[in-house]
Amino acid sequence: MRFSRASFGFTLVEMVVVIAVLGVLSLGSVYFISRSSDGYADVQDRQAVAQRARYTLERMARSVRNALPGSVRVNASCLEFVPIVAGSSYLNLPVASPALVMRVVPPDVGNLNGLRVVVVGDSDVYSLSAASVISPPVTLAPPDVSGEVELSFGSAHQFPAASAGNRVFWVDEPVSYCVDAGNLYRYSDYGFQITQPSVADLPAALPGRSLMATSASVVFNLTPVSLQRNALVQLNLQLGVGGVAFDVAANVQVRNVP
């Protein structure tokens, strides 16, 4: 039996059909792979934003937990407080009249020279006067033979009231967390101010201003201290990157016993 040459190979129509089918299959595969890659990228973006949000919130919460009792205050866009560096007990306290020295139990922290000490009373903790709850910068002498430490004020000072537990705190300069133009900043080194400062009153560059997060919005709420509970600070933070937004919140209790 003989076969003609026309019975071998593919016709042009068959080749066109095969190419068309392969093209459709290729497009489907590319679309599937592309969608899978986009989905994986979205998941990674969300995880990155969530991790940043949790880390930023934890940094703020950890700082606020160490706030001086009565020092936390909030306004529309800022949270401010005075951070505690160390604590101890005083052995004598100048209340009746100004004095240049007082005696304290040695604190656990090392060099505290140049910081201020606070005995919490009823006065505004941001008021720097000769009879306020916050002293001028102090200097500590080495412990004497009885283990007591003499604390010297930069100028004569008296406190308006004693602490119920004879507590004294060493404090640093106030700190603020503020949202400005969609970014969250930490502010420091701007001093004590009677009225809570706004963003316009705070440092505009390093080292007084440091960036914590971009594309951020924060709502600060303060529930004042009462006889039944500590002061409560509510932090509600939202971070967004590339259309991905993540919300986290924390409630921070601030000690109210001096």
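Calculation rules
Residues numbered from 1 in each chain as written. Predicted model: local features only at pLDDT ≥ 70, side-chain atom pairs only at ≥ 80, totals over all residues. Heavy atoms only, no water. pLDDT = per-residue confidence, 0-100. Helix = DSSP H or I, 4+ residues; strand = E, 2+ residues; numbered from the N terminus. Buried < 20%, exposed > 50% of the residue type's maximum accessible area, 1.4 Å probe, protein only. Contact = heavy atoms within 4.5 Å. Pairing = 2+ DSSP bridges. Axes fitted to C-alpha atoms, helices over the stretch in contact; angles between N-to-C directions. Polar contact = N/O pair within 3.5 Å; in protein donor to acceptor, adjacent residues only side chain to side chain. Phe/Tyr/Trp six-rings, centres within 6.5 Å; stacked < 30°, edge-to-face > 60°. Lys NZ or Arg CZ within 6 Å of the ring centre and 35° of its normal.

S.K.: Provide a residue-level description of the confidence of the model for the protein, including the pertinent values.
M.R.: Per-residue confidence for the protein gives a mean pLDDT of 84; residues scoring 70 or more make up 84%. The secondary structure element of the protein with the lowest average pLDDT is helix α1 (residues 12-65), at 72, and the one with the highest is strand β4 (residues 99-104), at 96.

S.K.: With reference to specific residues and values, describe the environment of S155.
M.R.: Here S155 lies in strand β7 (residues 149-157). Given a relative accessible area of 37%, S155 falls into the partly exposed group. Spatially, the C-alpha atoms of S155 and P98 are 9.1 Å apart, while their sequence positions differ by 57 residues. Setting aside residues up to four positions removed in sequence, S155 forms contacts with A99, L100 and P136.

S.K.: How would you summarise the sheet that holds strand β2 (residues 78-81) if you had to cite specific residues and measurements?
M.R.: Pairing within the open sheet is antiparallel, and its five strands lie in the order β1-β2-β9-β10-β11. Strand pairing shows two members of the sheet lacking a second neighbour, β1 (73-74) and β11 (209-213), which therefore form its edges.

S.K.: Pulling in residues and values, what's your account of the pairing of strand β9 (residues 175-180)?
M.R.: Taken across its six residues, β9 has five buried, putting it largely inside the fold. With four bridges connecting them, β2 and β9 associate as antiparallel partners. Its bridge partner lying in β9, L79 is registered against Y177. Between β9 and the antiparallel strand that follows it, strand β10 (residues 183-187), lie two residues; A181 among them carries a positive phi value of about 55°.

S.K.: Provide a residue-level description of the sheet that holds β4, including the pertinent values.
M.R.: Read from one edge of the open sheet, three strands run β4-β7-β6, paired in antiparallel fashion. Of all strands in the sheet, those with a lone pairing partner are β4 and β6 (138-140), marking the two edges. Pairwise comparison of adjacent strand axes, ignoring direction, gives a mean angle of 25° for this sheet. In this structure, β6 lies alongside β7, joined through three bridges in antiparallel fashion. Bridging from a neighbouring strand, T139 pairs with S152 of β7.

S.K.: Pulling in residues and values, what's your account of the environment of N111?
M.R.: Within the secondary structure layout, N111 lies in the loop between β4 and β5 (116-118). Overall, the relative accessible area of 65% leaves N111 in the exposed class. Remark: the alpha-carbon pair of N111 and L140, spanning 29 residues in sequence, is separated by 8.5 Å. Among the polar contacts listed, one links the side chain of N111 to the backbone nitrogen of N113, at a separation of 3.1 Å.

S.K.: Any chance you could break down the packing of aromatic side chains for me, citing the residues and the numbers?
M.R.: For the structure shown, the criterion picks out four aromatic pairs. Here the aromatic rings of Y126 and F192 are separated by 6.2 Å at their centres, their planes lie at 55°, and the arrangement is tilted. A residue pair is termed long-range when its members are at least 10 positions apart, and Y126 in the loop between β5 and β6 and F192 in the loop between β10 and β11 qualify at 66 residues. Given the relative accessible area of 3%, Y126 is considered buried. By relative accessible area, F192 is classed as buried at 14%. Here the guanidinium or amino end of R73 rests over the ring plane of Y126, the centre of that ring lying 3.6 Å away. Stacked on the ring of Y185, the Lys or Arg R209 has its end atom at 4.0 Å from the ring centre.

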